[in-house]
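Analysis of the macromolecular model
Spelled out from the first residue to the last, the chains are:
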Amino acid sequence: FVCAFIFNLLIVMSKELKVERDQSNLDVQELTHVWDGGEYITDIRREVEDIVFSDPTFSNDDKYFLSTEEAFVRGMEKSVRYVEVSRELDLMDDPLKRPLFKRAINAELPIELNEVMFIPALEGQASDEQLKKWLGPAKRHEIIGAYAQTEMGHGTFIRGLETTATYDPTTREFVLNSPTLTSLKWWPGSLGHTATHAVVVARLITKGTDYGIHQFFVPLRSLKDHRPLPGIKAGDIGTKFGYFGADNGFLRLDHVRIPRENMLMRYAKVDVDGTYNKPAHEKISYSTMIMVRAYLVLFSADYLSRAVTIATRYSVVRRQTPNKPDGLETQILDYVTHQYKLLPEIANSYALKMASRFMMELYVQSKGQINEGDLSSLPVLHATSSGLKAFSTEMACRGIEVCRLACGGMGYSLASGLPYIYVTAVPSQTYEGDNTVLYLQTARYLHKVYSQRQAQSELPADVAYLASDYPRHRTCAARSPYQLFDAHIQLEAYRQRAVRTVSKAYYIMGLAVTKGMDQSDAWNATSVEWVRAAKAHCHLSVLQMFIKAVQTLNMSPNNQHIFKALCDLFALHGIVENGREFRQDGYMSSEQLDMTQTQIYDLLTIIRKEAVPLVDAFDHRDELLCSVLGRYDGDVYNHLYQWALKCPRNKSEVHPSYDLHLKKLLKPTAAKL
């Protein structure tokens, strides 16, 4: 009887998701195409996933049971297989299939930085002659590269890096050295035991003058036996919070000599006699970081969408406490408190996805201009990529944790997949620039624009609201709840919030200067206000991108309606969560904020009915999610039990620790009983 009851319960549970899907009015396939960026990309992604998920080498069935050393070895095995398959299918030069291939593998690959940063650094900074020499071997994985920038004592503050590259005109060589303990390269991926070469970021010194950071092509390990070359000390930095399969390493350079030609010389150059030729723009070498920051916006949308897929499906399967006496226990997603946690994260996922598309388009466009010698877009690109990287990674990591908590105690289990998603996403808030520092870099751009007092026609569209002739409205135009769904009213509210936070920070900083504080101290004293201003600017930017997508994407009426509801939820939830800033100077009243909250509840009702199809549209297969809780079929409890049985600790009914230790404690008791 008990077994039959449990079996029937499992069947009921597995049908919950089917009910959600059957009652939907959405065209999920069309939404998937919107998410991917087109039907063609969806087809390519699925084709690549079929290849990966059918190859046993790429299986992740036991990934949560591996030790850190086993994870690294498995990652190396997958890396080699990735290269083999890429060669077989001619994927290495395919800009679409190759990243989709690595995404589907869904594991840390020790060689990954070769493609993510080493090759882009060469493509962006090496001369044509250098590219002919190095790019081919790097793409064919005949050499494996790392990007060695971060040091033990310096990360985001690139100008503070201590590694030196001193030019010796007598031998026509650069001498690279780590002069202090804090100058050790620390954290770069692939550096510890994988990379044979690295692009090393170091201070260029020639003719006694320090010309700041430049990039150098440095051999690290022998191509015969993989041993470190003379003067090279490299290794792994030790166990981390996550990324167990990754090879994050340290590098100490002891007067390592490289040819003059190994300095990347597309822009800056050093002649044979040591004469320095500076680049057209001092920050041109930052383009590799900007590329990675642009990618991280896409990364954030992807990982948040995985987390909210798991949490939403589980919240439909999981029942807890009947709402009415003698009734069936309620699906936890039917509790409004639970909807208020999860459904905004669905909206946030779509918002970040639309923002990532804009960010990548901006990067590609700007990169083309930079390659042609036009650097006019670099300030906007730097400010936008810095701010959106910080905003998107912060939003995604916070949302992933919300999703984990929404799964209750089960979210703490690795079986949920959520801890892995979290530890994979969370370092994005500090690598490639600490988020607070990046917000401040965006803020410096806002400060510069605001201080110039230019007209709207003279400013880039993203900061036109800071123009001297931009109209300031004293109050929000919404007089009825429905008007809060007006995109113009939403955007104007966010613009007014942004311009007020910028003007407030500018005013406080100016006041500090008039009282005798120098500019740098005044900036530091008002930095909290400037971070707030940068966040407001980024929030506005993402909303603008989401609204533009709603207005321009061609979708069926039902999909258009739900997409607009998601955008409205993103906008209104942001207003309520940052209510103090929207109420500044009386722009929004308490009544208007109350109306906003009421409209959010109405939106939750609409989106709740389509929550499962909305996350299904992300099209994350079970093999990618690696989650028992987020299974497409909803058969959670059966597979949770099966997962526990596979735990290595359960190989025997009596664990070896009993004979080693526990037996000593229990034996006297047994004798007495």
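Residues numbered from 1 in each chain as written. Predicted model: local features only at pLDDT ≥ 70, side-chain atom pairs only at ≥ 80, totals over all residues. Heavy atoms only, no water.

1. Some remarks on the overall build of the protein
In plain terms, the rule: Working definition: helices are DSSP H or I runs of at least four residues, strands are E runs of at least two. Numbering for both runs from the N terminus. Only C-alpha atoms enter the radius of gyration, while the globule expectation follows 2.2 Å times N to the 0.38, with N the number of residues. With a 1.4 Å probe rolled over the protein chains alone, any residue whose accessible area is under 20% of its type maximum counts as buried; one over 50% counts as exposed, and the rest are partly exposed. Throughout, a contact is declared for two residues whenever any of their heavy atoms are within 4.5 Å. All tallies of charge rest on Lys and Arg as positive and Asp and Glu as negative; His and the ends of each chain are not included. Where a charge lies is defined by one atom per residue type: Lys uses NZ, Arg uses CZ, Asp uses CG and Glu uses CD.
Summing up its helical and strand segments, the protein has 22 helices and 13 strands in all. The C-alpha atoms of the protein give 28 Å as radius of gyration, which agrees with the globular expectation for 673 residues (26 Å, within 12%). With the C-alpha coordinates of the protein rotated into their principal frame, the extents come out at 90 × 75 × 55 Å. Taking all 673 residues of the protein together, 54% fall into the buried category. Counted over contacts in the protein with a minimum sequence separation of 6, partners at least 24 positions apart contribute 74%. Side-chain charges of the protein comprise 76 positive and 78 negative groups, with the mean position of each set lying 4 Å from the other.

2. Considerations on the state of the cysteines
Going by this rule: Here, two cysteine sulfur atoms that lie within 2.5 Å of each other are counted as a disulfide.
Applying the stated criterion across every chain, the model contains 0 disulfides. Here cysteine 397 stays unpaired: no disulfide links it, and the sulfur of cysteine 403, its closest cysteine neighbor, is 12 Å away. Free cysteine: cysteine 476, not disulfide-bonded; nearest cysteine sulfur from cysteine 567 at 16 Å. Cysteine 476 gets classed as buried once you look at its relative accessible area, which sits at 1%.

3. Concerning the packing of aromatic side chains
Spelled out, the test is: Stacked, tilted and edge-to-face pairs are distinguished by plane angle, under 30 degrees for stacked and over 60 for edge-to-face with tilted covering the rest, among Phe, Tyr and Trp rings (Trp via its six-membered ring) whose centres lie within 6.5 Å. Working rule: Lys NZ or Arg CZ, within 6 Å of ring centre, within 35 degrees of ring normal, means a charge sits over the ring.
In total, this model carries 24 aromatic pairs according to the counting rule given. Relative to phenylalanine 485, the ring of tyrosine 482 has its centre 5.8 Å away and its plane inclined at 80 degrees; by these criteria the two rings are edge-to-face. Owing to a relative accessible area of 65%, tyrosine 482 belongs among the exposed residues under this scheme. Since its relative accessible area comes to 17%, phenylalanine 485 is described here as buried. Directly above the aromatic system of tyrosine 303 lies the positively charged group of arginine 306, at a separation of 4.2 Å from the ring centroid.

4. Some points on unusual backbone geometry
Phi angles above zero are rare outside glycine, and aspartate 90 is one such case at about 55 degrees. Classification of aspartate 90 by relative accessible area gives exposed; the value is 64%. Its identity as a non-glycine residue notwithstanding, serine 190 has a phi of 70 degrees, on the positive side. Considering the arrangement of structural elements, one finds serine 190 in the loop between strand S4 (185-186) and strand S5 (197-206). Given the relative accessible area of 1%, serine 190 is considered buried.

5. Details of the environment of leucine 660
You can see leucine 660 is positioned in helix H22 (residues 656-672). You can call leucine 660 exposed: its relative accessible area is 54%. Taking the C-alpha atoms as reference, leucine 660 lies 64 Å from valine 550; in sequence the two are 110 residues apart.

6. A few points about the pattern of salt bridges
The test is simple: We define a salt bridge as a contact between a side-chain nitrogen of Lys or Arg and a carboxyl oxygen of Asp or Glu at a distance within 4 Å.
Per the stated rule, a full pass over the model turns up 44 salt bridges. Residue aspartate 616 is joined to arginine 313 by a salt bridge in which the shortest nitrogen-to-oxygen separation is 2.8 Å. Residue aspartate 616 is located in helix H19 (residues 611-616), and its partner arginine 313 is located in helix H8 (residues 287-317); the two are separated by 303 residues in the primary sequence. By relative accessible area, aspartate 616 is classed as buried at 9%. Here arginine 532 and glutamate 529 are joined by a salt bridge, their closest N and O atoms 3.1 Å apart. In this pair, arginine 532 and glutamate 529 are both assigned in helix H15 (residues 527-552), 3 residues apart and thus about one turn of the helix distant. One salt-bridge network, held together by shared partners, links Asp36, Arg45, Arg46, Glu49, Arg103, Asp302, Arg306 and Asp619.

7. Some thoughts on empty space enclosed by the protein
For the record, the criterion: A pocket here means an open set of points on a 1 Å grid, computed over the protein atoms alone, that has protein on both sides within 12 Å along at least five of seven lines. A cavity is instead a set of points where a 1.4 Å probe fits but cannot get out; residues with an atom within 4 Å of a point line either one. Grid points are joined across faces, edges and corners, and a volume is the space filled by probe spheres set on the points. Here the term charged refers only to Asp, Glu, Lys and Arg, the term nonpolar to Ala, Val, Leu, Ile, Met, Phe, Trp, Tyr, Cys and Pro, and the term polar to all other amino acids, Gly among them.
All chains considered together, the criterion is met by 1 cavity of 30 Å³ or more. There is about 30 Å³ of room inside the largest cavity. As for the largest cavity, its lining consists of Tyr64, Asn106, Arg306, Gly417, Tyr420, Ile421, Leu624, Leu625 and Cys626. Mapped onto the lining of the largest cavity, the elements with two or more residues apiece are helix H11 (418-425) and helix H20 (622-625). Classifying every residue of the lining of the largest cavity by side-chain character gives 6 nonpolar, 2 polar and 1 charged.

8. Some words on the side chain of asparagine 106
Relative to the elements of secondary structure, asparagine 106 occurs in the loop between helix H5 (97-105) and helix H6 (112-125). Those residues in contact with asparagine 106 that lie beyond four places of it in its chain are Asn60, Lys63, Tyr303, Arg306, Tyr420, Glu623, Leu624 and Cys626.

Geometry only, nothing functional implied.
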